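# Fold and geometry: a report
The chain contents come next:
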Amino acid sequence: MPKHYKIGILKETKVPPDRRVPLAPNQAAEVMRKFENVEVVVQPSEIRCYKDAEYKNAGVPLQDDLSDCDLLIGVKETKINAILPGKTYMEFAHVAKKQPHNQNLIQAFAANKNSIIDYEYLTDQKGVRLVAFGHWAGVVGAYNALRAIYIKNKIGELPPAHALHDYNELKGVLKDIKLPGLKFVLTGGGRVAGGAIEVLEQAGIKEVSHDDFLSKDFDGPVYARLDPWHYARRKDGKPFEWDYWVSNPAEHESAFLPYAHSADVFVACHYWDYRSPHFFTIEDMKQPDFRISIIADVSCDIPGPIPSTIKASTIAEPFFDFNPVTGKEEPPFGCGQNVTVMSVDNLPGELPRDASEFFGRLLIDKVFPHLLCDDCDGVIERATILKDGKLTPRYAYLQDYLDGKE
């Protein structure tokens, strides 16, 4: 590391705006105390969950022009016209899965000879992610599923999470929730699923076995959580093996349909590899035995394994209906065979202070020691998609995507 290393906290430029930050004011000050010769400055912003004055009071200088910084850190993707050439960015870039909507972004970063470190790929040597907002995505995603149930079943309306001060206030709302005997299916086993389960259980929804979920109805609300071996099977008929699934996701097919025929609500919290099978098809959704009427797609992969997730919804307008017959979006909470979808792609932004404090703690404890010292474990290297505008060897598979050939 050079004698003086300067980190700039970016103001978020993506539309719709995101109020989260990678470092809360007290955490930005902590970085400067903890790491010798590191300076942190913050770009002024009117939309952050923390006011500029809170950073200033914590001893973190405000600086509009970040062109003298060595590292620029934000949360969501940088707007193309805000890119500073030659700089290193650390953010959720959303390009490593060849996302169509960000093809222009990776091309702009490459043209500007930027380096990109993506939070999603900061992992330890075993491949375990080091930082994520996932827990809070699960919390808000599951809560939004409950909001959709209240509206769709004409029970009433629950306040949106962003209208509450913090998670403690949301917990108070959950204590008073009353639900009919609905069945929830939840996919995933990581931080996202953990956050969702936390909310479901606080709302009085009980976990049941997979066999009971598929064969019984219940007086009260219940959920079943699925791992990949529950919703996918090998095409060759051999028993599911985790290592084979990770290495050969395309050699599997969906085994999810029995759950689609038993569940009322699908809360999707899985990690999805673009080579993996889709959970179901639009044709499946047209069938009379397709029971799911609400999908809270917390994972929100577009295009992805859930065909009704045709767009990312917003915190302001989180719900829309998907008509399987036309394959198109309709206004939310219509009647008939429509499925109501919640596909907000920045869910933790609804509880921004809780989420930012959580994320910043992980960043300081698990990432900055590698970034600001010797990256001997390759943590930063594994997450670096572009280096000075060129794809690194680990991400060479993106070359055609970067070149606009796919």
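Here the structure is shown first, and the text comes after it.
A brief structural summary. (Residues numbered from 1 in each chain as written. Predicted model: local features only at pLDDT ≥ 70, side-chain atom pairs only at ≥ 80, totals over all residues. Heavy atoms only, no water.)

### As for the overall build of the protein
Looking only at helices and strands, one finds 14 helices and 17 strands in the protein. A compact globule built from 406 residues would reach a C-alpha radius of gyration of about 22 Å, and the protein, at 22 Å, matches this within 12%. In terms of overall dimensions, the protein has a C-alpha envelope of 65 × 50 × 35 Å along the principal axes. The buried share among the 406 residues of the protein stands at 53%. Within the protein, residue pairs in contact and separated by at least 24 positions form 69% of the contacts whose partners lie at least 6 positions apart. (Helix = DSSP H or I, 4+ residues; strand = E, 2+ residues; numbered from the N terminus. Rg over C-alpha atoms; globule rule 2.2 N^0.38 Å. Buried < 20%, exposed > 50% of the residue type's maximum accessible area, 1.4 Å probe, protein only. Contact = heavy atoms within 4.5 Å.)

### Thoughts on empty space enclosed by the protein
Taken as a whole and assessed by the stated rule, the structure comprises one cavity of 30 Å³ or more. Roughly 60 Å³ of volume is contained in the largest cavity. Considering the residues around the largest cavity, the lining is formed by Tyr-231, Ala-232, Trp-245, Ser-254, His-270, Tyr-271, Trp-272, Ser-276, Pro-277, His-278 and Phe-279. Residue composition of the lining of the largest cavity, grouped by class: seven nonpolar, four polar and no charged. (1 Å grid on protein atoms, 1.4 Å probe; cavity = no way out; pocket = protein on both sides within 12 Å on 5 of 7 lines; lining within 4 Å. Points joined across faces, edges and corners; volume = space filled by probe spheres on them. Nonpolar A, V, L, I, M, F, W, Y, C, P; charged D, E, K, R; others polar.)

### Points about the packing of helix H4 (residues 134-152) against helix H5 (residues 167-175)
Two elements in contact, H4 and H5, have axes whose closest approach is 12 Å; the angle formed by their N-to-C orientations is 35 degrees. The handedness of the crossing between H4 and H5 comes out as left-handed. Taking contact as the criterion, the partners of Trp-136, Val-139, Tyr-143 and Leu-146 in H4 are, on H5, Tyr-167, Leu-170, Val-173 and Leu-174. Its residues placed into classes, the contact of H4 with H5 shows eight nonpolar, no polar and no charged. (Axes fitted to C-alpha atoms, helices over the stretch in contact; angles between N-to-C directions. Left-handed = near helix turned anticlockwise from the far one by under 90°.)

### Points about the sheet that holds strand E2 (residues 38-42)
Pairing between the strands of a sheet is mediated by backbone hydrogen bonds and can be parallel or antiparallel. The seven strands lie next to each other as E2-E1-E3-E4-E5-E16-E17, forming an open sheet whose pairing is mixed. A strand with exactly one partner marks an edge of an open sheet, and here the two such strands are E2 and strand E17 (390-391). The pairing of strand E1 (residues 5-9) with E2 spans five bridges and is parallel. Each bridged residue has a counterpart across the sheet, and for Ile-9 the counterpart in E2 is Val-42. On top of the sheet, helix H1 (residues 25-34) reaches E1 and E2; it is set at about 160 degrees to E2, its chief contact. (Pairing = 2+ DSSP bridges.)

### Notes on the pattern of salt bridges
With the rule as written, the count across this model stands at 24 salt bridges. Where Asp-301 meets Lys-97, a salt bridge forms, and the shortest distance between an N and an O atom there is 3.4 Å. Linking Asp-301 in the loop between strand E12 (294-297) and strand E13 (319-323) with Lys-97 in the loop between strand E4 (88-91) and helix H3 (103-111), this pair joins segments that are 204 residues apart in sequence. Arg-361 is the salt-bridge partner of Asp-365, the closest N and O atoms lying 3.0 Å from each other. (Salt bridge = Lys/Arg side-chain N within 4 Å of Asp/Glu carboxyl O.)

### Let's talk about the packing of H4 against helix H6 (residues 191-202)
For the pair H4 and H6, the least separation of the axes is 6 Å and the interaxial angle reads 40 degrees. Overall, the two elements H4 and H6 adopt an arrangement that is oblique. Here H4 runs over H6; the crossing is right-handed. Taken together, the residues of H6 that come into contact with H4 (itself represented by Gly-134, His-135, Gly-138, Val-139, Ala-142, Tyr-143 and Leu-146) are Arg-191, Val-192, Gly-195, Ala-196, Glu-198, Val-199 and Leu-200. Looking at the contact of H4 with H6 residue by residue, the class counts come to eight nonpolar, four polar and two charged. (Parallel < 35°, antiparallel > 145°, perpendicular 65-115°, else oblique.)

### Notes on a nonpolar patch on the surface
A grouping of Trp-229, Trp-242 and Val-246 is seen on the molecular surface, where their side chains present a nonpolar patch of about 330 Å² in accessible area. For Val-246, the location among the structural elements is in helix H9 (residues 242-247). Assessed through its relative accessible area of 44%, Val-246 is described here as partly exposed. (Patch = residues over 30% accessible without salt bridge, like charges linked within 9 Å, V, L, I, M, F, W, Y side chains within 5 Å. Areas by Shrake-Rupley, 256 points an atom, 1.4 Å probe, with all protein chains shown as cover.)

### Quick notes on the layout of surface pockets
A probe as big as a water molecule, rolled over the atoms, marks out the empty space that is left. Approximately 250 Å³ is the volume attributed to the second largest pocket. For the second largest pocket, the lining is made up of 14 residues, of which Thr-88, Ile-117, Ile-380, Thr-384 and Lys-387 are closest to its centre. At the level of elements, strand E5 (115-118), helix H13 (379-383) and strand E16 (384-387) are the ones that each hand at least two residues to the lining of the second largest pocket. Looking at the lining of the second largest pocket residue by residue, the classes come out as four nonpolar, four polar and six charged.

### Points about the packing of aromatic side chains
With the rule as written, the count across this model stands at 26 aromatic pairs. Ring centres of Phe-35 and Phe-368 lie 6.4 Å apart, and the angle between their planes is 75 degrees; on these two criteria the pair is classed as edge-to-face. With Phe-35 in the loop between H1 and E2 and Phe-368 in helix H12 (residues 352-371), this residue pair connects regions lying 333 residues apart in the sequence. Phe-35 sits in the buried class, given a relative accessible area of 9%. For Phe-368, a relative accessible area of 0% corresponds to the buried category. A centroid spacing of 6.5 Å and a plane angle of 80 degrees characterise the contact between Tyr-50 and Tyr-55, whose relative ring orientation is edge-to-face. You can call Tyr-50 buried: its relative accessible area is 4%. Overall, Tyr-55 belongs to the buried group, its relative accessible area being 0%. Within the aromatic cluster, the residues linked to one another by ring pairs are Phe-213, Trp-229, Tyr-231, Phe-240, Trp-242, Trp-245, Phe-256, Tyr-259, Phe-266, Phe-279, Phe-280 and Phe-290. Against the face of Phe-213 rests Lys-183, its NZ or CZ located 4.9 Å from the ring centre. (Phe/Tyr/Trp six-rings, centres within 6.5 Å; stacked < 30°, edge-to-face > 60°. Lys NZ or Arg CZ within 6 Å of the ring centre and 35° of its normal.)

### Section: the side chain of Asp-297
Secondary-structure assignment places Asp-297 in strand E12. No salt bridge is formed by the buried Asp-297; its nearest oppositely charged neighbour, Lys-97, is found at 10 Å. Reaching out from Asp-297, the side chain makes a polar contact with the backbone nitrogen of Ser-299 at a distance of 3.4 Å. From its side chain, Asp-297 meets the backbone nitrogen of Cys-300 in a polar contact 2.9 Å long. Setting aside anything within four residues of it in sequence, one finds Asp-297 in contact with Ala-268, Ile-306, Thr-309, Met-342 and Ser-343. (Lys, Arg positive; Asp, Glu negative; His and termini not counted. Polar contact = N/O pair within 3.5 Å; in protein donor to acceptor, adjacent residues only side chain to side chain.)

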